[in-house]
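# Observations on the model geometry
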Amino acid sequence: MLSSTRCAFLSNSGLGGCGSMGDAPRRRLTPMRVVCMTPSNGRPGDRNNSVVMETPLKELKKDSPVDDVDGNSISAGGPQDVYGEDRATEDQFVTPWSVSVASGYTLLRDPHFNKGLAFSEKERDAHYLRGLLPPSVIPQKTQVKKMIQHIRQYQVPLQKYMAMMDLQERNERLFYTLLIDHVEELLPVVYTPTVGEACQKYGSIFMRPQGLYISLKEKGKIREVLRNWPEKNIQVIVVTDGERILGLGDLGCQGMGIPVGKLSLYTALGGVRPSACLPITIDVGTNNEKLLNDELYIGLKQRRATGQEYAELMHEFMTALKQTYGEKVLIQFEDFANHNAFDLLEKYRSTHLVFNDDIQGTASVVLAGLVAALKLVGGNLADHRFLFLGAGEAGTGIAELIALETSKQTNAPLEEVRKNIWLVDSKGLIVSSRKDSLQHFKKPWAHEHEPVNNLLDAVNQIKPTVLIGTSGQGRTFTKEVIEAMASFNKKPIILSLSNPTSQSECTAEEAYKWSQGRAIFASGSPFPPVEYEGKVFVPGQANNAYIFPGFGLGLIMSGTIRVHDDLLLAASEALASQVSQENFDMGLIYPPFTNIRKISAHIAANVAAKAYELGLATRLPQPKDLVKFAESCMYTPSYRTYR
Ligand SMILES: O=C([O-])CC(=O)C(=O)O
Ligand SMILES: [Mg+2]
């Protein structure tokens, strides 16, 4: 993609002048030379009207898709990277582009192709870069070293975040190499908790819009808006309407940070090509008074559309996605409010390849952690009693997946196993006497019990072995609550899942200290290791980031057309199987993120295997070794040599 194409996108999308995000379109320079080109499927006017050099057919063939381990033809730039545009394997460094790439100044301003000081002497000559760069030539490895030092010099997390976003806009391959090489350190920067703060301040920190904004103004024109996005071969879309951003509430249009962050992880953690990822924010207004009164707010300044108006926009959007990108585009719903999330999932799960990350992704990751935790505490799922604080998407989603797995393991009916799972919402324990006034997604959890109106009493009466926080309310697992858990459990399992860190139900330190070091603890946002009475405890991160990148890769590499609950169970099983004895010895119920690409390949393979078994996968024949196939499909961000 050319930077001039991006400029066109910025001005066409009408965002060029919105508040402080109105960056002047970048200088449009006619490139002096085009690196290489094969037929493009872009629209007229998509590309620079530049000199084009077609790749000789012979060369194209040489660089065309390679065979996978089973002799199937694939290309290693990610699934369906037909022309190998994004491919860079150890033995295949020379890019076989299907698109034209500008030279000179424009090349340096194109984040997809810019390599900064890593351009070789030959490339500097061939692509008119002489004088535009300082004379030093340094390899990507050294650039990574330099960048991590640069990021580390910032003390404020938001500054680190901005430096990372800046790099993504400047040099995409360096951004992903850096993120992959330092994943443990940089995940909290590009993702939770920092992304939460970034969303809160989104309007004032971004000079250049990321992702696609679809507002009520675009009603009736959504297909045209999708066409404004410069990439055509889209495989994964993460979409939010910004109404429930992490545990921070309604951030309206500023929720864009979430789809952008999630999709960065699709690439870094799951190996999906960046050009195949599309972040989208639906703007139907906001009920956040602060934003409505902020003259710098970047979204629609009106209260949220609801009911039919909302449903119609979403329906046009969902229809347009399928019309534009086909049956197999994966749509991830993210951070919608409860009152829309369940209904949207229900409505579209039978017609689209769609899942809700907060309901299903979180459920899958938590189930994996619980299955692993059983190795430390003993017993089967059916032997445990679960209590949730929070009965929204995550709470009921996790509860349902636990019930489903338990029911499969024991052959007991779902209604029966649900009785071991209790939920507390803002009005207290969910019990049968409240049934008539409950939202539909809470009803299955209304068991026979007298009313209980607070968490501590619920803990003391239900006596759960597992306590899970999905409330979005920080510091709600009080000292009394944790002490109660520790009083009747040798090893209480305590999960504080709400994000970001400020909304976590308790800190790692509190969980370990108040349980005298006996808790098995994990949280949605990361906490550093804790020392308690001379022993170091390493808390795990129960975050859907473990699941969705590999889950998505598994779906797209197998051409799966619908998400079935069994696929979530398959992802969960694969993740749990990646926890090593060494991890268990440290009290961890999740493997470290350091090996996440390997973990994602296993998750992808298990998900794909299940999809083939269920007849949902369309990519035939089924590759024999799905783990190797997943690995061979993953995008790698090393630089390639330009002709
Ligand atoms: O984004 C995260 O860190 C996890 C998540 O989906 C949420 O909290 O909504
Ligand atoms: Mg979420």
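Basis of the calculations
Residues numbered from 1 in each chain as written. Chains lettered and ligands numbered in written order. Predicted model: local features only at pLDDT ≥ 70, side-chain atom pairs only at ≥ 80, totals over all residues. Heavy atoms only, no water. Near = heavy atom within 4 Å. Polar contact = N/O pair within 3.5 Å; in protein donor to acceptor, adjacent residues only side chain to side chain. Areas by Shrake-Rupley, 256 points an atom, 1.4 Å probe, with all protein chains shown as cover. 1 Å grid on protein atoms, 1.4 Å probe; cavity = no way out; pocket = protein on both sides within 12 Å on 5 of 7 lines; lining within 4 Å. Sits in = over half its atoms within 2 Å of the grid points. Domains from an automatic or database assignment. Contact = heavy atoms within 4.5 Å. Buried area = accessible area lost by both parts, 1.4 Å probe. Salt bridge = Lys/Arg side-chain N within 4 Å of Asp/Glu carboxyl O. Helix = DSSP H or I, 4+ residues; strand = E, 2+ residues; numbered from the N terminus. Nonpolar A, V, L, I, M, F, W, Y, C, P; charged D, E, K, R; others polar. Axes fitted to C-alpha atoms, helices over the stretch in contact; angles between N-to-C directions. Parallel < 35°, antiparallel > 145°, perpendicular 65-115°, else oblique.

A few words now on the site of ligand 1. Taken together, Y191, T192, R244, L246, K262, E334, D335, D357, D358, N499, N543 and N544 are the residues near ligand 1. Within the side chain of Y191, a nitrogen or oxygen atom sits 3.3 Å from an oxygen atom of ligand 1. With respect to ligand 1, the side chain of K262 contributes an N or O atom lying 3.1 Å from an oxygen atom. In the complex, 93% of the free accessible area of ligand 1, which totals 270 Å², lies under the protein chains. Here ligand 1 occupies the largest pocket.

You can read the domains of the protein chain as domain 1 (3-55 + 97-138), domain 2 (202-351), domain 3 (375-545) and domain 4 (546-633). Computed from C-alpha coordinates alone, the two centres of domain 2 and domain 3 are separated by 30 Å. Taken together, the contact pairs 13 residues of domain 2 with 12 residues of domain 3. Together domain 2 and domain 3 conceal approximately 920 Å² of surface at their shared face, both sides included; 57% is due to carbon and sulfur atoms. For the pair domain 2 and domain 3, the interface holds 1 salt bridge. Salt-bridge contacts for E393 lead to R244; the nearest nitrogen and oxygen are separated by 4.0 Å. Taken together, the connections running from domain 2 to domain 3 amount to 5 residue pairs in polar contact (both at pLDDT 80 or more). Those elements giving two or more residues to the side of domain 2 that touches domain 3 turn out to be α12 (257-268) and α15 (338-348). Class assignment for the residues of the side of domain 2 that touches domain 3 results in 8 nonpolar, 2 polar and 3 charged.

To continue, consider the packing of helix α7 (residues 172-181) against α12. Taken N-terminus to C-terminus, the directions of α7 and α12 make an angle of 75°; their axes are 10 Å apart at the nearest point. One element, α7, and the other, α12, form an angle in the roughly perpendicular class. Facing α7, whose interface residues are F175, Y176, L179 and I180, α12 presents L263, S264, T267 and A268. Residue classes in the contact of α7 with α12 are distributed as 6 nonpolar, 2 polar and no charged.

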